[in-house]
Structures are given as structure tokens and as C-alpha cells.
Amino acid sequence: MSHDRAHRSPLAIDGGEPVRRTMLPYGRQSISEDDIASVVEVLRSDWLTTGPKVGEFEEAFAAAVGARHAVAFSSGTAALHGAVFAANLGSGDEAITTPLTFCATANSVLYQGARPVFADVTADTLNLSPEAAAARVTSQTRALIPVDYAGHPADLDAVMALADRHGLTVIEDASHALGATYRGRRVGQIAHLTTFSLHPVKHLTTGEGGMVTTDDGVLARRLRLFRNHGIESDVRTRQQAGEYRYEMIELGFNYRLPDIACALGLSQLSRLSANVARRREIAAEYQRALSGVPGLQAPAERDEAESAWHLYPVRIVAGGATRDAVFRAMRAEGIGVNVHYIPVHQHPFYRERFGVQSGIAPIAERAASELLSLPMFHGMSNADVADVVAAVQKVMMHFSAVPGPHA
Ligand SMILES: *Cc1c(COP(=O)(O)O)cnc(C)c1O
């Protein structure tokens, strides 16, 4: 369909022809034949879990981000929980984080009995504002947990400087940012602890999985303890040493990532830079093709950062359409747009448990009402990208031509 016709044809939500007949998801994995062969090889081996693939994957991951240690976990959430444990947070302690994130970021603080404190974001990147965070530091603050929203690194120099001033640990939730750089350094080697998610919508996947990277050997040891019940040795080490005895010295969990998953991760890791490069290409095409569309604001990228583009969140800022109306119209066109995120402090659990009121983070709250994630994943074809562009143009032109607001 030509753009011209797209603009004039009726919206699918009003009974017109949709841009696509099959729904394009906002994110999805890519699995190669090599990935499949690697998993099958492990299935035929002696070790489905706690075997040799775990260490191999950890070493390769650490090298990929340029960190000394990488410790694998069963999910990105477990990785965050491990990082909060390693940083020694407990009851009475506070960690300052952004409300514009997946709830797991803040939940991981609660798991250890500490309290998440929300500070507002900066208007351009929607990452934790170092000034807002500084204003929330108290004598109970122990950690800062910035999130690299959409794949754009947080303001890490300012966050690290704030942490230095107050003796805090920085846990960077880089679930969106594997492959991103900040002032020429790779995400994963900057914060005291950096956590990643290996869920299928992220840059590389193990089905479910997570990773924590750190340069600190003491923190790495605590992470390994925590993911294995707080027990120092693992089954394979004891078997090799001909030893039955083990000692549990901390309260940990079973957060291990099986060899089956690690083999998949290792195989996927070889395509990480190609995946990130493809995401950058798609972001550049969106930026170019959507720049003149009325009512639409593209995501910002600062000079000092290269985003890994986990998401491509535009903002619906004017033109007579609400975000929810655009969301519904885009879905009807066959484009699987999504919203990242409802601010964590506005979820019923947080509202009821902490009595947190709307208004504590006005920039994040305002953004959350305007944000719309367009499909973004490395397996998207150029035709998929063109469909998204055609649907955005069609829907936004429609709403800007008809006097609003359309709720
Ligand atoms: C995906 C994600 C997580 C959780 O990861 P899981 O692997 O799904 O447990 C945490 N924080 C953010 C910001 C995420 O996007």
C-alpha cells in the first residue's frame, strides 16, 4: 500500500483494511540451527545442570561486556535479587530506583526486606534523574538501582559519583541494555553490579535466564553462594573431589541456570553484536521515516551513549489522540504495540502497601501516559519495519485530520 493511500484509507478499527493480517509482536527471539544443535548436544551429555556449560557461558558473557566476573541466574529477576543480596541490603535499608521500569526491579529490594524508594526520571532519556535521586538519599540509603530504559544507559557518571559521596552500591538493571555503551565503555563494566535478563524479548535469550556482572571478587562469590542455597560447593565439584560434605553458610535460593539454557546462551552470544547492530539500523529507519509525523515524539539518544534499543518507545504528545486510542488503532492494524511501563508505585500492591501517591514522580507519570513501544527486535525484516511506519503514518494522520480528542 502506498503511503498516500494509507493516509486516506479508513482505519482498521473503523472497519477498514488493516496494514497487516498477522500481528507483528513488539519483540521476539531468533533461534538458529546452531542454537538448536548446541542444546541437543547438552541433552545427550551427562550434565543438564551445574555442568561445564555454566562456566563457559559465564566466561564468554564476562568477556563480551568486559567485566571480570559474570554469574548466571535462572532469570533476570533472580539476578536482581542476587545483586541486592550481594550488596548486603536488609531490613531497615533503602534503595533508590526509578518508577519507570518493570516491577521486578523494585520487587527485588522487597525480597530482602529492604525498602524501594522512587525518584523521578530525566525528561529526555526517562532514566533515573541523579538530582532527584540525590534528594531522596537518607541515612538508611544503601543502594542506587538505575535502569537503562529502552536500552539507553542511565546517567552513570552522575549516579556513580552520587554513590561515592554516600558510600552506596550501584546495581544497574541493564535488562534492556546488553550491547549498549556509555562514554565508550560497555554496559556491564561500569556499575558495582550490573544485571541482565535473558528472556526471549531481550537481546539474547536462554528461554528464562539472567546474569550479573561485576569486577569485585567478593561480590561475585556472594552471588554464587546465593544462587545455590547459600552452599559453597556445587555437586560437580564435590563429585570430582570424592566428597559428600557441604556447608550452608547463608540463606540462598535455587536460582541456578541449567546447562541446557547456558548452551543456548553461548550459541546466541556469538550473534550479539549483529543483533544490536540490526536494532540500531531499525531505530535509525524509524527515526528517519517518522520524523515528520504530527503528534509523535521519538526517543532521545544522548551524545555520550549508544543505546542497545531493547525498545523503541515513542510518545503520543499532541494531535488530538490519546495514547490509548493510538494503541487500540495500531493493534487493529496488526501492529503489536505495547506500553512500557505503568509506573511501579502506581500498581495496587505498592499503592496499598506503602500508600505511595501519584505525583511523587511527575515526569515519569506524564511520560507513562504518553509512551507507546513500537515493534523492535533484531529478527524484523525491512518489510516489517515498513508496515510499522505505514501504520503509524495512517493512524496519526487520521487523528490529526479529525478534531479531537479521541479517547
Ligand atoms: C525483563 C526485565 C526484568 C526481569 O527479567 P526476567 O528475566 O523476566 O525475570 C527486570 N527488569 C527489567 C527492566 C526488565 O526489562
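Residues numbered from 1 in each chain as written. Predicted model: local features only at pLDDT ≥ 70, side-chain atom pairs only at ≥ 80, totals over all residues. Heavy atoms only, no water.

Asks: Tell me about the site of the ligand, and name the residues and values.
Replies: Neighbouring the ligand are 15 residues; Gly76, Thr77, Asp173, Ser197 and Lys202 lie closest to it. Within the side chain of Lys202, one N or O atom sits 3.1 Å away from an oxygen atom of the ligand. Per element, the largest residue contribution to the shell around the ligand is three residues, and it comes from helix α4 (residues 76–86). Here the shell around the ligand is composed, by residue class, of four nonpolar, nine polar and two charged. (Near = heavy atom within 4 Å. Polar contact = N/O pair within 3.5 Å; in protein donor to acceptor, adjacent residues only side chain to side chain. Helix = DSSP H or I, 4+ residues; strand = E, 2+ residues; numbered from the N terminus. Nonpolar A, V, L, I, M, F, W, Y, C, P; charged D, E, K, R; others polar.)

Asks: Lay out the sheet that holds strand β7 (residues 185–186) in plain terms, naming residues and giving numbers.
Replies: In spatial order, the strands read β7-β6-β11; together these three strands make up an open sheet with antiparallel pairing. Both edges of this open sheet fall to β7 and β11 (305–306), since each of them pairs with a single strand only. As paired elements, strand β6 (residues 181–182) and β7 share two bridges and run antiparallel to each other. Within β7, the residue paired with Thr181 across the bridge is Arg186. (Pairing = 2+ DSSP bridges.)

Asks: Could you give an account of the pairing of strand β5 (residues 169–173), naming the residues involved and the relevant values?
Replies: Burial analysis of β5 places five of its five residues in the buried class, which makes it a mostly covered element. Going residue by residue along β5, you find Thr169, Ile171 and Asp173 tucked away on one face and Val170 and Glu172 tucked away on the opposite face as well. Bridge analysis of strand β4 (residues 141–145) against β5 gives two bridges, and the strand direction is parallel. By the bridge assignment for β5, Ala143 is matched with Thr169. Between the parallel pair β4 and β5, the chain is carried across by helix α7 (residues 156–166), and the sense of this crossover is right-handed. As paired elements, β5 and strand β8 (residues 193–197) share three bridges and run parallel to each other. Of the residues in β8, the one forming a bridge with Ile171 is Leu193. (Buried < 20%, exposed > 50% of the residue type's maximum accessible area, 1.4 Å probe, protein only. Right-handed = clockwise from strand over helix to strand, strands pointing away.)

Asks: Requested: an account of the pattern of salt bridges, with residues and values cited.
Replies: Taken as a whole and judged by the stated rule, the model has 21 salt bridges. Arg227 serves as the salt-bridge partner of Glu58, at 2.8 Å between the closest nitrogen and oxygen. Residue Glu58 is found in helix α3 (residues 52–65), and its partner Arg227 is found in the loop between α8 (217–226) and α9 (235–241); the two are separated by 169 residues along the sequence. Of the two residues, Glu58 and Arg227, both sit in the buried class. Where Arg221 meets Glu232, a salt bridge forms, and the shortest distance between an N and an O atom there is 2.6 Å. (Salt bridge = Lys/Arg side-chain N within 4 Å of Asp/Glu carboxyl O.)

Asks: Could you give me a rundown of the domain arrangement of the protein chain, with the residues and numbers involved?
Replies: Here the protein chain is described as being made up of domain 1 (3–28 + 272–401) and domain 2 (33–269). Domain 1 and domain 2 are separated by 28 Å when their C-alpha centres are compared. Counting residues at the interface gives 40 residues for domain 1, matched by 39 residues for domain 2. The contact between domain 1 and domain 2 buries some 3400 Å² in all, and 61% of this surface belongs to carbon and sulfur atoms. Joining domain 1 to domain 2, the criterion identifies two salt bridges. In this structure, Arg302 and Asp124 form a salt bridge, with 2.8 Å as the shortest nitrogen-oxygen distance. A per-class count over the side of domain 1 that touches domain 2 returns 24 nonpolar, seven polar and nine charged. (Domains from an automatic or database assignment. Contact = heavy atoms within 4.5 Å. Buried area = accessible area lost by both parts, 1.4 Å probe.)

Asks: Residue-level account of helix α5 (residues 104–111), with values.
Replies: Of all eight residues making up α5, seven are buried, and the element is well covered by its neighbours. Of all the residues in α5, the buried ones are Ala104, Thr105, Ala106, Asn107, Ser108, Val109 and Leu110. On its buried side, α5 packs onto α4, β2 (94–97), β3 (115–118), β4, β5 and α13 (348–354).

Asks: Outline the packing of α4 against α5, listing residues and values.
Replies: Viewed as axis vectors pointing N to C, α4 and α5 meet at an angle of 45 degrees, and their least axial separation amounts to 8 Å. Between α4 and α5, the angle is such that the two are oblique. Every pair of crossing elements has a handedness; the one defined by α4 and α5 is right-handed. For the pair formed by α4 and α5, the contact residues are Thr77, Leu80, His81 and Val84 on the first element and Ala104, Thr105, Ser108, Val109 and Tyr111 on the second. The residue makeup of the contact of α4 with α5, split by class, is five nonpolar, four polar and no charged. (Axes fitted to C-alpha atoms, helices over the stretch in contact; angles between N-to-C directions. Parallel < 35°, antiparallel > 145°, perpendicular 65-115°, else oblique. Left-handed = near helix turned anticlockwise from the far one by under 90°.)

Asks: Account for the pairing of strand β9 (residues 210–214), with residues named and values stated.
Replies: Of all five residues that make up β9, five are buried, and the element is covered over most of its length. Alternating positions in β9 separate into two faces, Gly210, Val212 and Thr214 on one and Met211 and Thr213 on the other, with burial throughout. As paired elements, strand β1 (residues 69–73) and β9 share five bridges and run antiparallel to each other. Bridge pairing links Val71 to Val212 in β9. Bridge count between β8 and β9: four bridges; the pairing is antiparallel. Among the inter-strand pairings, Phe196 is bridged to a residue of β9, identified as Met211.

Asks: Tell me what's going on with a nonpolar patch on the surface, and back it up with residues and numbers.
Replies: A surface patch of nonpolar side chains, about 400 Å² in accessible area, is lined by Ile31, Ile36, Val40, Leu43 and Leu48. By secondary structure assignment, the location of Leu48 is in the loop between α2 (33–43) and α3. (Patch = residues over 30% accessible without salt bridge, like charges linked within 9 Å, V, L, I, M, F, W, Y side chains within 5 Å. Areas by Shrake-Rupley, 256 points an atom, 1.4 Å probe, with all protein chains shown as cover.)

Asks: How would you explain the confidence of the model for the protein chain if you had to name every residue and give the values?
Replies: Here the protein chain averages 95 in pLDDT, and 96% of its residues register 70 or above. This model gives residues 1–6 a pLDDT under 50, and the stretch forms four contacts once residues within four places in sequence are excluded. (pLDDT = per-residue confidence, 0-100.)

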